[in-house]
Amino acid sequence: MAQIGTFTRTEDGIFNGTIRTLNINVKATIRSVTRDNDRAPDYRVAANGVELGAGWSRAAKDSGAEYLSLKLDDPSFTGPVYASLVQGDNGEHKLIWSR
């Protein structure tokens, strides 16, 4: 697994940060959204005013630690990128890419 981003959470629950891969290097936001149904995402990921992905709130089975499971997609990717946004030290959140 590799870290592809770093975010901080504002008081109103918005995550602001940067996503960096071989193809992109953008400032992004992750905002909660109102869900239409049980399968709808809890969050939307946007960069430069364009939606880049969606996220779902999850909890780790072993520890119960909360994290966001994200699916990022961009025309420059060969397929969707699946990542987890987990809390790190000092209040930052790390975006970890997983295959």
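Residues numbered from 1 in each chain as written. Predicted model: local features only at pLDDT ≥ 70, side-chain atom pairs only at ≥ 80, totals over all residues. Heavy atoms only, no water.

Asker: Sorry, what's going on with the pairing of strand 4 (residues 43-47) here?
Answerer: A regular strand places its side chains on the two faces of the sheet in alternate fashion. Here strand 4 shows a clear split, with Tyr43, Val45 and Ala47 buried on one side and none of Arg44 and Ala46 buried on the other. Bridging between strand 3 (residues 25-32) and strand 4 involves five bridges; their strand directions are antiparallel. Residue Ser32 lies in a different strand from strand 4, and its bridge partner there is Tyr43. Relative to strand 5 (residues 50-59), strand 4 is paired through five bridges, and the arrangement is antiparallel. By the bridge assignment for strand 5, Ala46 is matched with Glu51. Between strand 4 and strand 5, which follow one another and run antiparallel, lie two residues, and Asn48 among them has a positive phi close to 55 degrees. (Buried < 20%, exposed > 50% of the residue type's maximum accessible area, 1.4 Å probe, protein only. Helix = DSSP H or I, 4+ residues; strand = E, 2+ residues; numbered from the N terminus. Pairing = 2+ DSSP bridges.)

Asker: Help me understand the environment of Gln87 in this model?
Answerer: Following the sequence through the fold, Gln87 ends up in strand 7 (residues 81-87). With 78 residues separating them in the primary sequence, Gln87 and Arg9 have C-alpha atoms 9.8 Å apart. Non-local contacts of Gln87, meaning those with residues more than four positions away in its chain, are made with Glu92 and His93. (Contact = heavy atoms within 4.5 Å.)

Asker: Would you explain the side chain of Thr18 in this entry?
Answerer: Inspection of the secondary structure puts Thr18 in strand 2 (residues 15-20). Overall, the relative accessible area of 16% leaves Thr18 in the buried class. Excluding residues within four positions of it along the chain, Thr18 makes contact with Ile4, Gly5, Thr6, Phe7, Asn25, Val26 and Lys27.

Asker: Hey, could you run me through the side chain of His93 in this one?
Answerer: Inspection of the secondary structure assignment puts His93 in strand 8 (residues 92-98). Under the relative-accessibility criterion, His93 is labelled buried at 9%. Of note is the side chain of His93, whose polar atom sits 3.5 Å from the backbone oxygen of Gly91. Excluding its chain neighbours within four sequence positions, the residues that come into contact with His93 are Gly5, Thr6, Phe7, Arg9, Phe15, Leu85, Val86, Gln87 and Gly88. (Polar contact = N/O pair within 3.5 Å; in protein donor to acceptor, adjacent residues only side chain to side chain.)

Asker: Would you explain the nonpolar core in this entry?
Answerer: Nonpolar side chains in soluble globular proteins generally cluster together in the buried interior. Judged by nonpolar contacts, the single largest core of 20 residues is most densely connected at Phe7, Ile19, Ile30, Leu72, Leu85 and Leu95. Those elements that place two or more of their residues in this core are strand 1 (2-9), strand 2, strand 3, strand 4, strand 6 (66-72) and strand 7. Once residues lying within four places of it in the same chain are set aside, the contact partners of Ile30 are Phe7, Gly13, Ile14, Phe15, Tyr43, Arg44, Val45, Leu68, Leu70 and Leu85. (Core = buried A, V, L, I, M, F, W, Y, C linked by side-chain atoms within 4.5 Å.)

Asker: I would appreciate a short explanation of unusual backbone geometry in the present structure.
Answerer: Excluding glycine, a negative phi dihedral is what most residues carry, and trans is how most peptide bonds are arranged. A positive phi angle, close to 55 degrees, is found at Asn48, a residue other than glycine. Although it is not a glycine, Asn90 adopts a positive phi angle of roughly 60 degrees.

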